[in-house]
Amino acid sequence: MLLLTGFAFLAGIVTILSPCILPVLPIILSSTIGDKNLGKGRPLGVVSGFVISFTFFTLFISSLVKITVISADSLRLISIAVISFMGITLIVPYFQIIFENIFSRMSRLSPRFKNNSGFSGGIIIGLSLGLLWTPCVGPILASVISLAITGQVSWEAFIITFAYAIGTSIPML
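Computed from a predicted model, the values in this text were never measured in an experiment.

Thresholds, definitions, all that
Residues numbered from 1 in each chain as written. Predicted model: local features only at pLDDT ≥ 70, side-chain atom pairs only at ≥ 80, totals over all residues. Heavy atoms only, no water. Helix = DSSP H or I, 4+ residues; strand = E, 2+ residues; numbered from the N terminus. Buried < 20%, exposed > 50% of the residue type's maximum accessible area, 1.4 Å probe, protein only. Contact = heavy atoms within 4.5 Å. Areas by Shrake-Rupley, 256 points an atom, 1.4 Å probe, with all protein chains shown as cover. Core = buried A, V, L, I, M, F, W, Y, C linked by side-chain atoms within 4.5 Å. Phe/Tyr/Trp six-rings, centres within 6.5 Å; stacked < 30°, edge-to-face > 60°. Axes fitted to C-alpha atoms, helices over the stretch in contact; angles between N-to-C directions. Left-handed = near helix turned anticlockwise from the far one by under 90°. Nonpolar A, V, L, I, M, F, W, Y, C, P; charged D, E, K, R; others polar. Expected span 1.5 Å × (residues − 1). Arc of directions from axis to C-beta. Parallel < 35°, antiparallel > 145°, perpendicular 65-115°, else oblique. Polar contact = N/O pair within 3.5 Å; in protein donor to acceptor, adjacent residues only side chain to side chain.

Visitor: I'm lost on the overall build of the protein chain in this one. Help?
Guide: The helix and strand tally for the protein chain stands at eight helices and zero strands. Secondary structure elements of the protein chain, listed N to C terminal, follow the sequence α-α-α-α-α-α-α-α. The burial tally for the protein chain puts 29% of its 173 residues in the buried class. Partitioning the contacts of the protein chain with sequence separation of at least 6, the portion at a separation of at least 24 is 85%. Here the protein chain displays about 11,100 Å² of accessible surface, and carbon together with sulfur accounts for 74% of that area.

In structure tokens, the structure reads:
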């Protein structure tokens, strides 16, 4: 267990070298600059929100897949369909406009915060960043999850996933 936790932690640190992470870095960097009133706790809030979100959703989705007994082939086909659909929306301007309109309407439904500075504002950014980061880490995350979820989602799986998230958050901070 200790060896797996150490491997997960080191894998998290190495994840920052993945090329897919580069598009996410501007979000991380820009979340802490701009307004003088953001507060010094904001970067810590971003990292804390990331660790919480990433750990929760990784274990939740793993549990959901295990409960529904979805085969790997089915997941692969669903992923191919979603990626193809999103690619088509980027290639065909008409579809892109339709989806921009849909998502701009959805953004109006999101809650507005009067004071999103400091640690609490960072938490909100970090929670969304945890979801955004998950598909980018690819093979490293897959190996960590497969080690963590060989059995049931347990405290051991939680600790391994949490160690990975902490390892990832160190270079992020």
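Next comes the rest of the write-up.
Visitor: Which parts of the structure should I look at to understand the nonpolar core?
Guide: Burial of nonpolar side chains together is a common tendency in soluble globular proteins. Among the nonpolar cores identified, the biggest contains 18 residues, and I28, F50, F54, L129, W133 and M172 are the most heavily contacted of them. Of all elements in the fold, only helix 1 (2-15), helix 3 (42-68), helix 6 (118-133) and helix 8 (155-172) reach the threshold of two or more residues within this core.

Visitor: Is there a simple way to think about the packing of aromatic side chains in this case?
Guide: Aromatic ring pairs are defined here through the distance separating the ring centres and the angle between the ring planes. Following the criterion strictly, the structure yields five aromatic pairs and no others. Ring geometry for F158 against F162: centres 5.6 Å apart, planes inclined by 15°, an arrangement best described as stacked. Remark: F162 and F158 occur in helix 8; sequence separation between them is four residues, near one turn of the helix. Ring-pair connections join several aromatic residues into one group, and the members of that group are F50, F54 and Y164.

Visitor: How should I be thinking about the packing of helix 3 against helix 8 in this particular structure?
Guide: Running from N to C, helix 3 and helix 8 cross one another at 145°; their axes reach a closest spacing of 9 Å. You can see that helix 3 and helix 8 cross each other, and the crossing is right-handed. The residues of helix 8 that touch helix 3, namely those facing V47, F50, V51, F54, T55, T58 and L59, are A157, F158, T161, F162, Y164, A165, I166, T168, S169 and M172. In the contact of helix 3 with helix 8, the residues fall into twelve nonpolar, five polar and no charged.

Visitor: What is the right way to look at the environment of L2 in this model?
Guide: Counting through the fold element by element, L2 comes out in helix 1. For the pair L2 and I159, spaced 157 residues apart in sequence, the C-alpha to C-alpha distance is 9.8 Å.

Visitor: Would you mind showing me how to read helix 1 here?
Guide: Three- or four-residue spacings in an α-helix give side chains the same orientation, since the helix completes a turn every 3.6 residues. When the terminal C-alpha atoms of helix 1 are compared, their 20 Å separation across 14 residues agrees well with the 20 Å that a helix rising 1.5 Å per residue should span. Buried within helix 1 are the following residues: T5, A8, A11, G12 and T15. Relative to the axis of helix 1, the buried residues are bounded by an arc of 125° and lie together on one face. For helix 1, exposure combined with an orientation more than 90 degrees from the buried face picks out L2, L3 and L10.

Visitor: Even after reading the chapter, I still don't get the packing of helix 1 against helix 8, so can you show me in this structure?
Guide: Packed helix pairs are specified by the crossing angle of their axes together with the interaxial distance, meaning the distance between the axes. Running from N to C, helix 1 and helix 8 point in directions that differ by 30°, and their axes come no closer than 7 Å. With respect to their mutual orientation, helix 1 and helix 8 come out roughly parallel. You can see that helix 1 and helix 8 cross each other, and the crossing is right-handed. Note on element contacts: helix 8 touches helix 1 through I159, I160, A163, Y164, I166, G167, T168, I170 and P171, opposite L4, T5, A8, F9, A11, G12, I13 and T15. Its residues assigned to classes, the contact of helix 1 with helix 8 comprises twelve nonpolar, five polar and no charged.

Visitor: What am I meant to see in the side chain of T55 here?
Guide: Following the sequence through the fold, T55 ends up in helix 3. By relative accessible area, which is 3% here, T55 ends up buried. Within polar-contact distance, the side chain of T55 engages the backbone oxygen of V51 at 2.8 Å. Not counting chain neighbours up to four residues away, the residues in contact with T55 comprise F158, T161, F162 and A165.

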